[in-house]
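Here's the letter readout for the chains.
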Amino acid sequence: MPDFTAKEEQFSQLEDVLQSPVVMLQLADSESTILKARQLLKTSERCCIIANTSTSNQKLKTIKTLYHSMAALKKIQQEFSHEDPLTNANLVGIYPSLDYPACVYELHTSADLYVSANILPYDQSNLARMIRYVVAKLLGANPAIGGLGLILSRE
């Protein structure tokens, strides 16, 4: 339990931006993440499951982490939507990191297009831009982001 408290303090800025408590996604044990999110929804009616996607300086590892995190969050999103139709679940991108979130935006909206075009880092090389574009289309999120989130709220 002390580890969870340390994580809460670590992401206090993110909690302020999201205006909700956060739960760190455990890829190896997503059931415990879902359980903790359910508990938070009972008490606060809103929470966010977050995943750190920039865990490495190696681009392929970052893309792999982004893929696994996005897949896990989409699975959780579907589970909450089927379980309780009154629960809204929206995916968000967090840039540049979970520790210091300068920009939090909803994925697959006009905000996503704006952030990708005007805020996220711009590659000078046409090849690098093309690769980033293809990866973003395949995975559903720009690989330059520092984290993903799933905002859950009850109506």
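See the structure above.
Here is what the cut-offs are and how they apply
- Residues numbered from 1 in each chain as written.
- Predicted model: local features only at pLDDT ≥ 70, side-chain atom pairs only at ≥ 80, totals over all residues.
- Heavy atoms only, no water.
- Helix = DSSP H or I, 4+ residues; strand = E, 2+ residues; numbered from the N terminus.
- Expected span 1.5 Å × (residues − 1).
- Buried < 20%, exposed > 50% of the residue type's maximum accessible area, 1.4 Å probe, protein only.
- Arc of directions from axis to C-beta.
- Contact = heavy atoms within 4.5 Å.
- Patch = residues over 30% accessible without salt bridge, like charges linked within 9 Å, V, L, I, M, F, W, Y side chains within 5 Å.
- Areas by Shrake-Rupley, 256 points an atom, 1.4 Å probe, with all protein chains shown as cover.
- Salt bridge = Lys/Arg side-chain N within 4 Å of Asp/Glu carboxyl O.
- Pairing = 2+ DSSP bridges.
- Axes fitted to C-alpha atoms, helices over the stretch in contact; angles between N-to-C directions.
- Parallel < 35°, antiparallel > 145°, perpendicular 65-115°, else oblique.
- Left-handed = near helix turned anticlockwise from the far one by under 90°.
- Phe/Tyr/Trp six-rings, centres within 6.5 Å; stacked < 30°, edge-to-face > 60°.
- Lys NZ or Arg CZ within 6 Å of the ring centre and 35° of its normal.

Draft legend 1. Summary view of helix 3 (residues 30–44). The end-to-end C-alpha distance of helix 3, which contains 15 residues, comes to 21 Å, matching closely the 21 Å that a straight helix rising 1.5 Å per residue would cover. Buried within helix 3 are the following residues: Thr33, Ile34, Ala37, Leu40 and Leu41. The buried residues of helix 3 occupy an angular sector of 125° when projected down its axis, which confines them to one face. Set apart from the buried face of helix 3 by more than 90 degrees, the exposed residues are Lys42 and Thr43. On its buried face, helix 3 sits against strand 1 (22–24), strand 2 (46–52), helix 4 (59–83), strand 3 (87–96) and strand 5 (147–154). Just past helix 3, the residue glutamate 45 takes up positive phi, approximately 65°.

Draft legend 2. The arrangement of a nonpolar patch on the surface in detail. On the surface, Met130, Tyr133, Val134 and Leu138 cluster together to form a nonpolar patch covering roughly 450 Å² of accessible area. Locating valine 134 in the fold gives a position in helix 6 (residues 126–139). Judged by relative accessible area, which is 38%, valine 134 ranks as partly exposed.

Draft legend 3. Spotlight on the sheet that holds strand 3. Read across the open sheet, the five strands follow the order 1-2-5-3-4; overall the sheet is mixed. What marks the edges here is a single partner per strand, and that holds for strand 1 and strand 4 (101–106). Each strand axis lies, on average, 30° off the axis of its neighbour in the sheet, ignoring direction. Taken together, the eight bridges between strand 3 and strand 5 define a ladder with antiparallel strand orientation. For isoleucine 94, the partnering residue across the bridge sits in strand 5 and is glycine 147. Its contacts with the sheet put helix 4 on strand 2, strand 3 and strand 5, and the angle it makes with strand 5 is roughly 10°.

Draft legend 4. Layout of the pattern of salt bridges. Counted according to the given criterion, the structure contains three salt bridges. Of the charged contacts, one joins arginine 38 and glutamate 79 as a salt bridge, the two residues approaching to 3.2 Å between their closest N and O atoms. Separated by 41 residues along the polypeptide, arginine 38 in helix 3 and glutamate 79 in helix 4 bring together distant segments of the chain. Judged by relative accessible area, arginine 38 falls into the partly exposed class, the value being 27%.

Draft legend 5. Representation of the packing of helix 3 against helix 4. The geometry of helix 3 relative to helix 4 is characterised by a closest axis approach of 12 Å and an angle of 45° between their N-to-C directions. Our classification of the angle between helix 3 and helix 4 gives oblique. Between helix 3 and helix 4 lies a crossing whose hand is right-handed. Across the interface between the two elements, Ile34, Ala37, Arg38 and Leu41 of helix 3 pack against Ile76, Glu79, Phe80 and Glu83 of helix 4.

Draft legend 6. Representation of the packing of aromatic side chains. Taken as a whole and judged by the stated rule, the model has zero aromatic pairs. Over the aromatic face of phenylalanine 80 sits the side chain of arginine 38, whose NZ or CZ is 5.7 Å from the ring centroid.

Draft legend 7. Up close: the pairing of strand 2. Most of strand 2 is tucked away: five of the seven residues are buried. Direction of pairing for strand 2 relative to strand 5: antiparallel, over a ladder of seven bridges. Paired with isoleucine 50 across the strands is glycine 149, a residue of strand 5.

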